[in-house]
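Geometric and topological summary
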Number of protein chains: 2
Amino acid sequence: MTNLGRGTGRREDGVRRPRRKAEETRDDILAAAEILLRKKGLTAFSIANLAAELKMSPANVFKHFHSKTALADAICERHVVQMIGRFQAFDEPIAAPERLVIAVRRLMETHLADIKENPYLFEMLVVVSEADLPSGRHYKQLIENLFANLVRHGIETGVYKCTEDSAITRNVGSAFASVLHPVFLMRADEAELRERCDGLAALVNAALQNPLAK
Amino acid sequence: MTNLGRGTGRREDGVRRPRRKAEETRDDILAAAEILLRKKGLTAFSIANLAAELKMSPANVFKHFHSKTALADAICERHVVQMIGRFQAFDEPIAAPERLVIAVRRLMETHLADIKENPYLFEMLVVVSEADLPSGRHYKQLIENLFANLVRHGIETGVYKCTEDSAITRNVGSAFASVLHPVFLMRADEAELRERCDGLAALVNAALQNPLAK
């Protein structure tokens, strides 16, 4: 990688062009990579092809993303943040236990839709969560925040009797791993998943409505 | 595979030898395969090597097991049955909630010990559970039975207030997926797993002691 970045910022005729902000170049690379990856998947994808598509040198792409995995991680990061954003809003009259059921179900259904409609994107989610990459950890944190908000709302409205505690929130999130974790969803039967999702929500709701839960 | 089984039952000098029972041959193949697989892992393993080790023709091995995966499945089946057998016995004075904590923890620790001591065996468990093979499904069923017994004991002793129902048992099992499923255990941090295991058991115990759980 000794020629890393060589030739950038200067045209072949030797005239200096205005430097594009690194941020913009990074965004262009990401957008093109996402299109390619959604179409062809991680296995068929290469930085060389991406660079050709962008009319950039592979070295220039490499300056921004050091590997296919780093690109997949950045794409998943955007996807995950957008996805979770959609689950934060609730109509006020819904009671906490029902909110929990709805939130988990929505999240699971979003994954199931991705499996069908964007299978290569979902495959990337599996890779980043298996490899414990930043976007996978961030997704876990966002899910934990989502559950923390649901539990807090339940306690404030007097429906949940448990102690408000980050350990409870983490355990609630872990209890749903088999219906929310990409690794599990990929191979599971949809009807079974829906039944399990509602069953787990009922179990967790019973726990949270018991002052024993701490 | 046209020469399947050719040469068995008849020695090269043409003298007929007494046929060994198929069951015995199958056991020999399994025992040798387990030794090889525990030592070298599924990737390095081949039926050709196994046949050489057993001084059998590959075709004869193939008569009993049609693939590496079928062999891995049969080995995991034995392992899983032995493993679960060890979790059925309990000293009488232990109350249901504590039994649940102990059972889940023991099961998880057995997996963690396997990851360290028999990594290739554990790798096979991951493969069979990912591929939804019979031994993986059997393992799931045995776990469900284990939880059914724990829940029934809790109800009979008046500690668990939930309805006795196979759906509850399945949900309890699913709630522990992130500390009991081989796919999860492989990549997880041990200290985090132990904390999560105890946290999930506390959550499930709170649910089962609530008459709301159904």
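Bear in mind that the values here come from a model prediction, so they are computed numbers and not experimental data.

**Quick look at the overall build of chain A**
Across its full length, chain A holds 11 helices and zero strands. Each helix and strand of chain A, ordered N terminal to C terminal, gives the series α-α-α-α-α-α-α-α-α-α-α. A buried classification covers 45% of the 214 residues belonging to chain A. Long-range pairs, those at least 24 residues apart, make up 72% of the contacts in chain A between residues at least 6 apart in sequence. For chain A, the accessible surface area stands at approximately 10,800 Å², while carbon and sulfur atoms represent 53% of it.

**Things to note about the pattern of salt bridges**
Close approach of charged atoms allows side chains of opposite charge to pair. Summed over the entire model, instances satisfying the criterion amount to 24 salt bridges over all chains. Arg170 of chain A serves as the salt-bridge partner of Glu195 of chain B, at 3.2 Å between the closest nitrogen and oxygen. With Glu195 of chain B in helix α11 (residues 190-208) and Arg170 of chain A in helix α8 (residues 166-175), this residue pair bridges two chains. Accessibility expressed as a relative area gives 51% for Glu195 of chain B, which makes it exposed. Among the residues examined, Arg170 of chain A registers a relative accessible area of 32% and is labelled partly exposed. In the salt-bridge network here, residues are joined through shared partners; they are Arg105, Glu109, Lys116, Glu190, Arg194 and Asp198 of chain A.

**Looking at unusual backbone geometry**
Positive phi, close to 55°, is recorded for Asp132 of chain A, a residue that is not glycine. Locating Asp132 of chain A in the fold gives a position in the loop between α6 (119-130) and α7 (134-156). Positive phi is not limited to glycine here, since Lys55 of chain B has a value of about 55°. The residue Lys55 of chain B is located in the loop between α2 (47-54) and α3 (58-64) in this model.

**Re the nonpolar core**
The biggest cluster of nonpolar side chains holds 124 residues, and the ones touching the most others in it are Phe176 of chain A together with Phe176 of chain B. Beyond its immediate sequence surroundings of up to four residues, Phe176 of chain A is in contact with Leu100, Val104, Phe147, Cys197, Leu200, Ala201 and Val204 of chain A.

**Focus: the side chain of Ser174 of chain A**
With respect to the secondary-structure elements, Ser174 of chain A resides in helix α8. Among all residues touching Ser174 of chain A, those that are not within four sequence positions of it are Ala175, Ser178, Arg196 and Leu200 of chain B.

**A look at the interface of chain B and chain A**
Listed per partner, the contact involves 27 residues of chain B and 27 residues of chain A. If you sort the residues of chain B by the area they bury against chain A, Asn171, Phe184 and Leu203 of chain B come out on top, with a joint share of 24%. Lys140 of chain A is paired through a salt bridge with Glu192 of chain B; the nearest N and O atoms lie 3.3 Å apart. Where chain B touches chain A, the interface holds eight residue pairs in polar contact (both at pLDDT 80 or more). Of all the secondary structure elements, the ones that give two or more residues to the side of chain B that touches chain A are α8 (166-175), α9 (177-180), α10 (182-185) and α11 of chain B. Residue composition of the side of chain B that touches chain A, grouped by class: 13 nonpolar, seven polar and seven charged.

**Some remarks on the packing of aromatic side chains**
Residues and elements named next belong to chain A. Here the structure, examined in full by the defined rule, presents three aromatic pairs over all chains. Note on Phe147 and Phe176: the rings are 5.5 Å apart at their centroids and 5° apart in plane angle, and the pair reads as stacked. Placement of Phe147 in helix α7 and of Phe176 in the loop between α8 and α9 (177-180) is noted, with a sequence separation of 29 residues between them. Of the two residues, Phe147 and Phe176, both sit in the buried class.

**What to know about the relation of the copies chain B and chain A**
Rotating chain B by 180° and translating it 0.0 Å along the rotation axis places it on chain A, where the RMSD comes to 0.0 Å. Accordingly, the operation relating the two chain copies is best matched by a two-fold axis. Minimal C-alpha separation from the rotation axis in chain B is found for Ala207 of chain B, amounting to 1.8 Å. Comparing interface residues between copies, 100% of those in chain B also lie at the interface in chain A; the contact surface is shared.

**Section: the side chain of Ser178 of chain A**
Topologically, Ser178 of chain A is positioned in helix α9. Leave out the neighbours within four places in its chain, and Ser178 of chain A touches Phe184, Leu193, Arg196 and Leu200 of chain A together with Ser174 and Ala177 of chain B.

Analysis parameters
- Residues numbered from 1 in each chain as written.
- Chains lettered and ligands numbered in written order.
- Predicted model: local features only at pLDDT ≥ 70, side-chain atom pairs only at ≥ 80, totals over all residues.
- Heavy atoms only, no water.
- Helix = DSSP H or I, 4+ residues; strand = E, 2+ residues; numbered from the N terminus.
- Buried < 20%, exposed > 50% of the residue type's maximum accessible area, 1.4 Å probe, protein only.
- Contact = heavy atoms within 4.5 Å.
- Areas by Shrake-Rupley, 256 points an atom, 1.4 Å probe, with all protein chains shown as cover.
- Salt bridge = Lys/Arg side-chain N within 4 Å of Asp/Glu carboxyl O.
- Core = buried A, V, L, I, M, F, W, Y, C linked by side-chain atoms within 4.5 Å.
- Buried area = accessible area lost by both parts, 1.4 Å probe.
- Polar contact = N/O pair within 3.5 Å; in protein donor to acceptor, adjacent residues only side chain to side chain.
- Nonpolar A, V, L, I, M, F, W, Y, C, P; charged D, E, K, R; others polar.
- Phe/Tyr/Trp six-rings, centres within 6.5 Å; stacked < 30°, edge-to-face > 60°.
- Least-squares fit on C-alpha atoms with pLDDT ≥ 70 in both.

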